[in-house]
Amino acid sequence: MQVVETITEMKRLRRQLPEPFGFVPTMGYLHKGHISLVRYARKENASVVASIFVNPTQFGPSEDFEDYPRDTKRDLAMLEEAKTDVVFIPPATEMYPERFSSWVEVGKLTERLEGNARPTHFRGVTTICTKLFNIVEPTKAYFGQKDAQQALVIKKMVADLNMNLEIVMCPTVREPDGLAMSSRHIYLSKEQRQAAVSLYEAIQLAEELWSEGERDAEHLRQVVTSHIQQQPLAEIEYVSVADTETLEELKTATSSGLLSLVVRFGKTRLLDNTILK
Ligand code: AMP
């Protein structure tokens, strides 16, 4: 496995490695969710590149950029074990040199859900992904369903701007009790961690109702909300049942609608979702 820090070196290596080329962008502090993306990429490609970059432009001014957990040594060991060929791990000055001033904006999709709560977030995500796609030139890039809106926004950007790659959305990997894995769990106290399982429990309740024929989206939102409200440590930010393409809220839940939620435990925001099937 080769570890490279500069864009020049990454581009040089890119030309030497066999196609097709799978790419997994991450912010590091890896867990089994990230590694599952590497494994999907490994199965479908001759070469696999992962990136580790805590992207400052996708954090708001009062968010956790400075405190975001980092453990490069452990990350590299995990990526090596998953048979990654190249890890691109640039310093911030490499990606955002002085006087950097160009941005990629995707519009409506980025104003809803996460975009509503974090107004500058997706502009940072789409800009860094565009830069990474231009540098790495992957055949396919792999994203997790855990951040479903992010995957949808990137897919839309790739389609709208005729970018030359395919976006693959991979299933959410969960802890044994069902909590969707996240690098941010490290912030949770023991009590918050225990209470956090209510997100998955609530999703399962909604899935059960859905499979019994419930189509009233507001009822599904209410069931999820009232289950989580039983946890005094949980503060619900939003519960949404939305169209998977437009992310507009639905009155009647439809097949492949996206049920998503964000719940805060102290300062930690936890996301989860399911696609109604
Ligand atoms: P991050 O390092 O949080 O930016 O995540 C990098 C990639 O890993 C994104 O595509 C995430 O959606 C994906 N990811 C994060 N957590 C999980 C999980 N529990 N299961 C599957 N994919 C995940």
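Since the model is a prediction, treat every value here as computed from it, not as a measurement.

Colleague: How should I be thinking about the overall build of the protein in this particular structure?
Modeller: The number of helices and strands found in the protein is 10 helices and nine strands. Based on the C-alpha atoms only, the size of the protein along its principal axes is roughly 55 × 40 × 40 Å. Contacts in the protein between residues far apart in sequence, at least 24 positions, make up 73% of those at least 6 positions apart. About 13500 Å² of surface is accessible on the protein, with carbon and sulfur atoms providing 49% of the total. Put simply, the protein has 33 plus and 39 minus side-chain charges, and the middle of one group is 4 Å from the middle of the other.

Colleague: Even after reading the chapter, I still don't get the site of the ligand, so can you show me in this structure?
Modeller: The environment of the ligand is made up of 17 residues, and the closest members are Met27, His34, Asp147, Val173 and Met181. Separating an oxygen atom of the ligand from a side-chain N or O atom of His34 is a distance of 2.9 Å. In isolation the ligand exposes 490 Å². Once the protein is present, 93% of that is buried. Put simply, the parts of the chain that give the shell around the ligand at least two residues each are strand E2 (21-26), helix H2 (32-44) and strand E5 (140-144). Sort the elements by how many residues they give to the shell around the ligand and H2 lands first, with three residues. Taken together, the residues of the shell around the ligand break down into eight nonpolar, seven polar and two charged.

Colleague: What should I look at first to understand helix H1 (residues 7-16) in this one?
Modeller: Working note: α-helix, 3.6 residues per turn, so residues spaced by three or four point in the same direction. Turning to H1, its buried residues number three or more, namely Ile7, Met10, Leu13 and Arg14. Along H1, the residues classed as buried sweep out an arc of 125° about the axis, all on the same side. Of the exposed residues in H1, the ones pointing more than 90 degrees away from its buried face are Thr8, Arg15 and Gln16. As for H1, its buried residues are in contact with strand E1 (2-4), E2, strand E3 (47-52), strand E4 (86-88), helix H4 (92-95) and helix H6 (121-136).

Colleague: Which parts of the structure should I look at to understand the nonpolar core?
Modeller: Counting residues in each nonpolar core, the largest one holds 42 residues, and the members touching the most others are Met95, Phe133 and Ile154. Looking at this core, the elements with two or more residues in it are H1, E2, E4, H6, E5, helix H7 (148-160) and strand E8 (258-265). Among the elements that take part in this core, H6 stands out by supplying eight residues, more than any other. Taken domain by domain, this core gets at least three of its residues from each of domain 1 (2-170) and domain 2 (183-276). Each residue touching Phe133, except ones within four places of it in the same chain, is listed here: Phe23, Pro138, Ala141, Phe143, Ile154, Met157, Val158, Met163, Leu165 and Ile167. Ala196, Ala202, Ile203 and Val239 belong to the second-largest nonpolar core, a separate cluster that totals 24 residues.

Colleague: How do you make sense of the sheet that holds E8 when you look at a structure like this?
Modeller: Across a sheet, strands are paired by hydrogen bonds formed along the backbone, either parallel or antiparallel in direction. Across the sheet, three strands lie side by side as E7-E8-E9; this open sheet has antiparallel pairing. Edge positions in the sheet fall to strand E7 (234-242) and strand E9 (268-275), since each has one partner strand and no second. Sheet twist, expressed as the mean angle between neighbouring strand axes with direction ignored, is 15°. In the sheet, E8 pairs with E9 via eight bridges, with the strands oriented antiparallel. Within the sheet, the bridge partner assigned to Phe265 lies in E9 and is Thr268.

Rules used throughout
- Residues numbered from 1 in each chain as written.
- Predicted model: local features only at pLDDT ≥ 70, side-chain atom pairs only at ≥ 80, totals over all residues.
- Heavy atoms only, no water.
- Helix = DSSP H or I, 4+ residues; strand = E, 2+ residues; numbered from the N terminus.
- Contact = heavy atoms within 4.5 Å.
- Areas by Shrake-Rupley, 256 points an atom, 1.4 Å probe, with all protein chains shown as cover.
- Lys, Arg positive; Asp, Glu negative; His and termini not counted.
- Charge placed at Lys NZ, Arg CZ, Asp CG, Glu CD.
- Near = heavy atom within 4 Å.
- Polar contact = N/O pair within 3.5 Å; in protein donor to acceptor, adjacent residues only side chain to side chain.
- Nonpolar A, V, L, I, M, F, W, Y, C, P; charged D, E, K, R; others polar.
- Buried < 20%, exposed > 50% of the residue type's maximum accessible area, 1.4 Å probe, protein only.
- Arc of directions from axis to C-beta.
- Core = buried A, V, L, I, M, F, W, Y, C linked by side-chain atoms within 4.5 Å.
- Domains from an automatic or database assignment.
- Pairing = 2+ DSSP bridges.
- Axes fitted to C-alpha atoms, helices over the stretch in contact; angles between N-to-C directions.

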